[in-house]
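Fold and geometry: a report
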Amino acid sequence: MKRAGMMALILVSLAAGFVGSFVKDVLFEPSVVDAQASGGTQLRIAILDLEEVARASDKFKDLKSEWELRQNELKKSNAAMQAEMEEKKAAMRRAQSTNDSEEVASLRVELAALEENIKATREVQKRFLAELLEHYQKGVIEHVLAVADEYCVKEGYHLVLQNYETSSQEGELFAGASYSERILNKPVLFSPGTKAKKNPFVVDITAQILAKVKKG
C-alpha cells in the first residue's frame, strides 16, 4: 500500500428528504491501487437506489392503499360536516324569510359553533395526516433497509452508498425537493463503470433488493 490510515465507513443520506445512516462497523485501509480492506480483503462497495426500491416495494403499495383509505375517510367526514353547514344555512334563510327572530337567533349560534368545529377538526386532521405520513414513510424505509442489510451482510459488502435518479417521479408517500436540492444531497455523483458492471469495486445492488421487496 502506498499510504496507510484508518477511516470509519459512513453511509450517507436517504432519498427524497429522508436522512439516516446505515453503518457497518468495518474499518479499512484505503488504497488507490488495490482498494483492499483491512487484512487484505478486497473492499466491496454497493450502491442502492433506495427511493426506487421503496416505491416498488409491496410495503409501499400496502401503506399507500392505507394512506388513500384514511384520506377518503376524512374527505367523507368533511363532506358530511359541510352538508350539515349548508342545511343550517338553508334553515337560516327560511327563518329570515318568515321573520322568525327566535329561530334566526338559535340558528346563528348553531352556525357559529359548527364553523368553529369544522375549523378545529381540519387542524386536527392536518396534524393527524402529517404524523401518519411520517409513520408510513418510516415503515417503508425501515423495511427496505432491513432487507438490504441482510443481503449486504450475506454478500459481504463493506459499505453501502445511496444513489438515485434526480428525474424520478414523486409519489404520495415521499415529499418532493427541488432539482438542485436533490443534486446537492446526492451521495454518489460518479461511479465509473458501475452501470456497465465493469467496476470491480462498486456494484449497484438495486435490482437485487427490488427482487426481494416485491412478491410478484
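Rules of the game
Residues numbered from 1 in each chain as written. Predicted model: local features only at pLDDT ≥ 70, side-chain atom pairs only at ≥ 80, totals over all residues. Heavy atoms only, no water. Phe/Tyr/Trp six-rings, centres within 6.5 Å; stacked < 30°, edge-to-face > 60°. Helix = DSSP H or I, 4+ residues; strand = E, 2+ residues; numbered from the N terminus. Buried < 20%, exposed > 50% of the residue type's maximum accessible area, 1.4 Å probe, protein only. Lys NZ or Arg CZ within 6 Å of the ring centre and 35° of its normal. Core = buried A, V, L, I, M, F, W, Y, C linked by side-chain atoms within 4.5 Å. Arc of directions from axis to C-beta. Contact = heavy atoms within 4.5 Å. Pairing = 2+ DSSP bridges.

1. Overview of the packing of aromatic side chains
If you walk through the whole model with that rule in mind, you get 2 aromatic pairs. Both rings, one in Trp67 and one in Tyr136, keep their centres 6.5 Å apart while their planes meet at 85°; by these two values the pair is edge-to-face. Within this pair, whereas Trp67 is found in helix 2 (residues 58-97), its partner Tyr136 is found in helix 3 (residues 101-155), the two being separated by 69 residues in sequence. Taken individually, Trp67 and Tyr136 each receive the classification buried, so the pair is uniform in this respect. Here the aromatic rings of Tyr151 and Tyr157 are separated by 6.5 Å at their centres, their planes lie at 25°, and the arrangement is stacked. You'll find Tyr151 and Tyr157 in the same group, each marked buried. One Lys or Arg, Arg44, reaches over the ring of Tyr157 and ends 4.2 Å from the middle of that ring.

2. Observations regarding unusual backbone geometry
Phi at Asn99 is positive, roughly 55°, even though this residue is not glycine. Within the secondary structure, Asn99 is located in the loop between helix 2 and helix 3. With phi around 60°, Lys197 is a residue other than glycine that occupies positive phi space. Following the sequence through the fold, Lys197 ends up in the loop between helix 4 (179-184) and strand 5 (202-204).

3. Some words on the nonpolar core
Residues Leu48, Val53, Val144, Ile205 and Ile209 are the most contacted members of the largest nonpolar core, which totals 25 residues. Where this core is concerned, the elements lending two or more residues are strand 3 (45-48), helix 1 (50-56), helix 2, helix 3 and helix 5 (206-213). Looking at this core element by element, the count peaks at 10 residues for helix 3. If you look at the next biggest cluster of nonpolar residues, it comprises 10 residues, including Met85, Ala95, Leu107 and Ile118.

4. Some details on helix 5
Of the residues making up helix 5, those classed as buried are Thr206, Ile209, Leu210 and Val213. Projected onto a plane normal to the axis of helix 5, the buried residues spread over an arc of 105° and lie on a single side. Among the exposed residues of helix 5, those oriented more than 90 degrees off its buried face are Ala207 and Ala211. Packing partners of the buried residues in helix 5 comprise strand 3, helix 1, helix 2, helix 3 and strand 5.

5. Describing the pairing of strand 3
In regular strands, side chains alternate between the two faces of the sheet. Here strand 3 shows no split at all, with Ile45 and Ile47 on one side and Ala46 and Leu48 on the other all buried. Bridge analysis of strand 3 against strand 4 (residues 159-162) gives 4 bridges, and the strand direction is parallel. In the sheet register, Ala46 faces strand 4, and the bridge partner there is Val160. The pairing of strand 3 with strand 5 spans 3 bridges and is classified as parallel. Considered in strand 5, the bridge of Ile45 is made with Val202.

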